[in-house]
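# Coordinate inspection notes
Residue strings, one per chain:
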Amino acid sequence: MDATNRMVGAVGNAVQAEHIHGGVHLHNTEVPDVLPCRFGPVPPLAGGYQRRELPGGGCLVLSGGAGHGKTQMAAGFVEDLWAAGEVELLAWVSAATREDVVAAYADLAHRLNGPDLDGDRAVRWVLDWLGKTAVPWLVVLDGVRDPRDLDGLWPPSRGRVVVTTRRQDAELVGHGRRRVAVDLFTPEESRACLAAHLDPRLMPGAEELAAELGHLPLAVGHAGTYMADRNLTCAQYLTRWRGKPLRDLIPARTWQLSITLADSLEPVGMAGPLLHIASTLDPRGIPVSALTSPPVLQYLSTKDETDAWDALSCLSRLSLITFDATTVRVHPVTQRAIREQAKGRHARVAADALAAAWPEDDAARFRANAAILAETAKSSLWRWRVHPVFFKAGNSLGAEGHPAAAQDYFADLLAQVGPNHTSSLNLRHNVAYWRAVAGDPTTAIAELEDVLATQIRVLERDHPNTLNTRHNIAQFRAEAGEVAAGVRELEAVLADKVRTLGPDHVATEQTRDALTKWHGQITPE
């Protein structure tokens, strides 16, 4: 029996139309006797699966980051439709590559008792059949890595289509396709997922744990399984989460595929390094100005700021970050997975970038990023000297009208690095400086004089840092009411600055301006 006769013998309904492809007669409105049919392995629903609603009909593109639960969401959706009898053909296609989709379509053609065709001809037959049959069908294209792989392979709009992908490319939408953002769990969903795994006695600490996991479905689900297997409470697991490498708790390789794909997009090789830099900073909001600053461009071996912007776009297309004109956000679990696999000087580049882009005002976002950087990389950024970005963070607090907070910031930093650190003199100076600004110049002067004695011994009297301390002592002495003594000291500092730095140096100008101010306030004797 030839291919055409096999097809005719397999149908159960009357022929309504006849089409010709490649010389083979196709009866595309006929209903194969293999229906209802499930084609391809639908992944089983995980323990603690949380059903999330999807709009019905048409082509839905489920887009989201690694670990957001796109495949589980699709599996739950199709199982519901199958159980309700709303589809007679359910085809689940693993769509990592174009070759995977073509091979699956060819197999589907054979399953439907189609003509004995291979490759592109089988694909054309399947798409033609789907476009003309009255049979209710649903095709899932799971794990699309590159939208271009689907060129010419999109199922027709006659039935239901679900695509899962980490990509957010514009070409995935339009033509009747709707993007559905697969987001993180809500706090309620996180708790419900954990409760589905755990005996109630193991639930204490569930809210804190879910928040620490960033409500990432992958992390929450793995945590539930891990705890159930080991009879751990949520609080006990949280201790392990904070103390063990991520690879011991969840599959950290989940993110590597997305990074590799992002790195392959133009500008090639820039997205990965940029993500490594971002992984050391504040997940709630990283200034784009820092990630496109000269230190980052130098690290990326480019002079063009648009290259860094386009690399951020690549990361966004792979759902590794979200970003707009001013701010980049990265999930904290993604950051941790990246940091634990990273090698190189990403933290130092991040610190240089923050320092280079630091604004003159409204520096709260930059301070938040410096604080996270201190948590993730202080061992490398404080080893020999405290990186200048941490001085900028503390001084910006004082400059914005919070001198007491600036004093506490530098005092805490000094306590962490210790009195023998190479940056301890500068930190002691800043503690005293902001103490004076906060309203205690008398104590501050005594502290600064102690710093000055060490600076003269270690750095010499004409070192710029020594001259700066002398200037500040004189200023605060005048502010404390000893105006004449302060003016005399400022005059001596000015002479030494003119001699060592030059008359037009900015530090020289500062002392000259201070003298002008205080000269007018000397009370005649």
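Residues numbered from 1 in each chain as written. Predicted model: local features only at pLDDT ≥ 70, side-chain atom pairs only at ≥ 80, totals over all residues. Heavy atoms only, no water.

### Here we look at the packing of aromatic side chains
Which entries qualify depends on this criterion: A pair of aromatic rings is counted whenever rings of Phe, Tyr or Trp (Trp by its six-membered ring) have centres within 6.5 Å, and the orientation is called stacked for planes under 30 degrees apart, edge-to-face for over 60 and tilted otherwise. Runs of H or I in DSSP of at least four residues are treated as helices and runs of E of at least two as strands, each being numbered from the N terminus. Relative accessibility thresholds used throughout: buried, under 20% of the residue-type maximum; exposed, over 50%; partly exposed, between the two (1.4 Å probe, protein chains only).
This model, assessed by the stated rule, comprises 10 aromatic pairs. Taken together, a centroid distance of 5.3 Å and an interplanar angle of 70° make the contact between Y226 and Y237 edge-to-face. Within this pair, whereas Y226 is found in helix α7 (residues 217–230), its partner Y237 is found in helix α8 (residues 234–243), the two being separated by 11 residues in sequence. With centroids separated by 5.7 Å and ring planes inclined at 85°, the aromatic side chains of W382 and F390 adopt a geometry described as edge-to-face. Across the pair, F390 and W382 agree in class, each one buried.

### Topic: the state of the cysteines
Our working definition: Disulfides are defined as pairs of cysteine sulfur atoms found within 2.5 Å of each other.
With the rule as written, the count across this model stands at 0 disulfides. The thiol of C193 is unpaired, and the distance to the nearest cysteine sulfur, on C234, comes to 11 Å. Classification of C193 as buried rests on a relative accessible area of 3%.

### Details of unusual backbone geometry
Of the consecutive residues L35 and P36, the connecting peptide bond is found in the cis state with omega at -5°. Among the structural elements, P36 can be located in the loop between β2 (24–26) and β3 (37–39). Of note, the bond from E266 into P267 is cis; its omega dihedral lies within 30 degrees of zero at 0°. The residue P267 is located in the loop between α9 (256–264) and α10 (271–278) in this model. Here the phi dihedral of N231 falls at roughly 60°; this positive angle occurs in a residue that is not glycine. Checked against the element boundaries, N231 lands in the loop between α7 and α8. N231 gets classed as partly exposed once you look at its relative accessible area, which sits at 42%. Phi is positive for D362, which is not a glycine, with a value near 50°. If you trace the backbone, D362 turns up in the loop between α15 (346–357) and α16 (364–381). For D362, a relative accessible area of 63% puts it in the exposed group.

### Regarding the layout of surface pockets
Which entries qualify depends on this criterion: Throughout, the protein atoms alone are placed on a 1 Å grid, and a set of points is a cavity if a 1.4 Å probe fits but cannot get out or a pocket if it is open with protein on both sides within 12 Å along at least five of seven lines; lining residues have an atom within 4 Å of a point. Grid points are joined across faces, edges and corners, and a volume is the space filled by probe spheres set on the points.
Here the largest pocket defines a volume of roughly 840 Å³. Lining of the largest pocket is provided by 39 residues; of these, G67, G69, K70, T71 and Q72 occupy positions nearest its centre. For the lining of the largest pocket, the elements supplying multiple residues, two or more each, are α2 (70–83), β6 (137–144), β7 (160–165), α5 (187–197), α7 and α9. Counting residues per element, the lining of the largest pocket draws most heavily on α7, which supplies 5 residues.

### Let's talk about the sheet that holds strand β9 (residues 286–287)
Here is the rule we go by: By this definition, two strands are paired if DSSP reports at least two bridges between them.
Strands sit in the order β9-β11-β10 across an open sheet of 3 strands; the sheet is antiparallel. Looking at which strands have only one partner, the edges of the open sheet turn out to be β9 and β10 (322–323).

### Here's the deal with the sheet that holds strand β8 (residues 177–181)
Heads up, the rule is: Fitted lines through C-alpha atoms give the axes, limited to the stretch in contact for helices. The angle between two N-to-C directions lies from 0 to 180 degrees. Between two residues, a contact is recorded if the distance between any of their heavy atoms is within 4.5 Å.
The strand order β3-β5-β6-β7-β4-β8 describes an open sheet built from 6 strands, whose pairing is parallel. Among the strands making up the open sheet, the edge pair consists of β3 and β8. Strand-to-strand twist of the sheet, defined as the mean angle between neighbouring strand axes without regard to direction, takes the value 15°. Against the sheet, α2 engages β3, β4 (59–63), β5 (89–94), β6 and β7, with an angle of about 160° to β7.

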